[in-house]
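These are the residues of each chain, in order.
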Amino acid sequence: MTDQDYILFENYLLGDVSEEEKKTFEIRLEEDSKFKESFNTYKELSSYLEHTFENEDASKAFKANLQKISKVYFDKNKDSVKIEGSKNTYHFYKYAMAACVVLFLGIFMFNQFSNPSYADFAHYDTISLTVRGEQDALLKTAENAFNNKDFAKAEDAFSKLLKVDKDNSELKLYRAIANIELNHFETADALLFNLQEGQSVYKNKATWYLALSKLKQKQYAACLDILKTIPEDADNYKQVKNLINKLD
Amino acid sequence: MSEKKLHEDQKYIDGLLQNNSFIIQAIYDKFVPKVINYIKQNSGSVDEAQDIIQDTLLTIYNQASEKKLELTCPFDAYFFLLCKRKWLNKLKKSSNKEVTINEEVLYKDDEAQQLAFETDVFGEKQELFTEMFNKLGNACKELLTATFKIKSMEEVAASLGVTYAYARKKKSLCIGKLTELVQESPKFNLLNN
């Protein structure tokens, strides 16, 4: 836009133009988009300047009042937020403390009153029956079945093997374990009693599993009595002691 | 807009315009908590909420006093959307990231969205105009200030020691200069489109 255009804008806005000038101006507004754009901005700025300076005092008064109300509102609000906040943390601590108490009580009760389970203590390694170089298919079957926790199949194999090898303590022990797993407690207990009475290296282990058999049958008193017969030099005495403590 | 029915909440706009403390107080009590919550949930603090709210009310006041603001929707929605726009704009500026306000497109027809949009653009323009006015030379600033404060061009001319014709011509050219500054700004083109 030229200087003349801006002077024209001003004259038009002030109404200081002749009828003909006005018509020419309006036709140009319709036809020249750039002219129209500039005029609209000019008009908008005039209105802005007029309002800003005319209204300066009222605007300042409004702003001051607004700031005052805002400050009062937010100061009050922040205070209440603080109070609420501290209240909340107080509640939080209260709940946290309550939760801790419940948790400790729970652990205490669990330790004191809940009974240990068979599964917690029945940890046996995989067995190896064929190390001695025997290539007995049935031994292999028993071994694999036991290690794969297919105790029914293992029991079947063990019973067959024991018919041939009647005094094999090792087989008796594993057969007993398989039977405990199968909940065939009578068979298991009979085998274990037998081992317990004997003098094999599996004596203590047999006693231990006898105790576990009672544990699985929830005969806690019987379990405890059996455990107490295990000598302190037994391999797994730590475990024995542990279970005694839980049951006692 | 004039055919549309004025909402009863126009009383809040009128109250702001009259600098009515009772109404301003009521706006704070009724409509501000929602805004504070929104800003707090969108990575802002209570202090930032305080600024945004004050700024929003000032923009509403300015629009109402300069252009007449006719509320055709509840004040609650209009005010909340306006604060939200201002807050998102602020986030956008401070993070230099594109913050897309998808709702804008979704609810473009909505009365409150439309009104909030208009007021927001009005506020942004005011900010831009003030910024550009300050870029003018001192002679122009003095003349324009005097022109709009004193109103009578004759008095202005006399106070500045120039002829009436010169003062009026100068006024046109100064607003012309301001027009150019504004039109050159990329922000103005964004706001006008």
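Above this text is the structure in question.
Residues numbered from 1 in each chain as written. Chains lettered and ligands numbered in written order. Predicted model: local features only at pLDDT ≥ 70, side-chain atom pairs only at ≥ 80, totals over all residues. Heavy atoms only, no water.

**Q** Help me out: how do you make sense of the overall build of chain A in this one?
**A** Each helix and strand counted, chain A has 12 helices and 0 strands in total. The buried share among the 248 residues of chain A stands at 38%. Of the contacts formed within chain A by residues at least 6 apart in sequence, a portion of 48% connects residues at least 24 apart. (Helix = DSSP H or I, 4+ residues; strand = E, 2+ residues; numbered from the N terminus. Buried < 20%, exposed > 50% of the residue type's maximum accessible area, 1.4 Å probe, protein only. Contact = heavy atoms within 4.5 Å.)

**Q** How should I be thinking about the nonpolar core in this particular structure?
**A** Counting residues in hydrophobic clusters, the biggest one holds 46 residues, and the most contacted among them are A:F146, A:F158, A:W208, A:Y209, A:L212, A:L227 and A:L243. Secondary structure elements with two or more residues in this core: α5 (118-121), α6 (137-147), α7 (151-164), α8 (169-181), α9 (185-197), α10 (203-216), α11 (220-227) and α12 (237-247) of chain A. Look past the residues within four positions of A:F146 in its chain and what remains in contact with it is A:Y124, A:D125, A:I127, A:F151, A:A154, A:F158, A:Y174, A:I177 and A:A178. Of all hydrophobic cores here, the second largest spans 43 residues; its members include B:V35, B:I39, B:L57 and B:Y61. (Core = buried A, V, L, I, M, F, W, Y, C linked by side-chain atoms within 4.5 Å.)

**Q** For this particular structure, what's the right way to read the pattern of salt bridges?
**A** When the charged atoms of two side chains lie near each other, side chains of opposite charge can form a pair. What the rule picks out here adds up to 17 salt bridges over all chains. The salt bridge partner of B:R168 is A:D16, with a shortest N-O separation of 2.6 Å. Placement of the pair is B:R168 in helix α9 (residues 164-184) and A:D16 in the loop between α1 (3-14) and α2 (19-31), with the two residues belonging to separate chains. Note on B:R168: relative accessible area 12%, which makes it buried. (Salt bridge = Lys/Arg side-chain N within 4 Å of Asp/Glu carboxyl O.)

**Q** So what exactly am I meant to see when it comes to the interface of chain B and chain A here?
**A** Accessible area lost during the coming together of the parts is what is often quoted as the interface size. Facing the 46 residues of chain B at the interface are 40 residues of chain A. Carbon and sulfur atoms supply 62% of the area buried between chain B and chain A, which totals about 4,100 Å² over both sides. With its nearest N and O atoms 2.8 Å apart, the salt bridge here joins A:E56 to B:K149. Secondary structure elements with two or more residues in the side of chain B that touches chain A: α2 (21-41), α3 (46-67), α6 (111-133), α7 (138-150) and α9 of chain B. With 13 residues, α3(B) is the single largest residue contributor to the side of chain B that touches chain A. Considering only residue class, the side of chain B that touches chain A consists of 21 nonpolar, 14 polar and 11 charged. (Buried area = accessible area lost by both parts, 1.4 Å probe. Nonpolar A, V, L, I, M, F, W, Y, C, P; charged D, E, K, R; others polar.)

**Q** Hey, could you run me through the state of the cysteines in this one?
**A** One covalent bond between the sulfur atoms of two cysteine residues makes up a disulfide. Residue and element names in this part refer to chain B. With the rule as written, the count across this model stands at 1 disulfide over all chains. Paired through a disulfide, C140 and C174 show a sulfur-sulfur distance of 2.0 Å. Around the S-S axis, the bridge from C140 to C174 shows a dihedral of about -90 degrees and counts as left-handed. Here the residue C140 occupies a position in helix α7, and C174 occupies one in helix α9, the gap between them amounting to 34 residues. On the accessibility criterion, C174 (0% relative accessible area) is buried. (Disulfide = S-S within 2.5 Å.)

The analysis is restricted to geometry; functional conclusions fall outside its scope.
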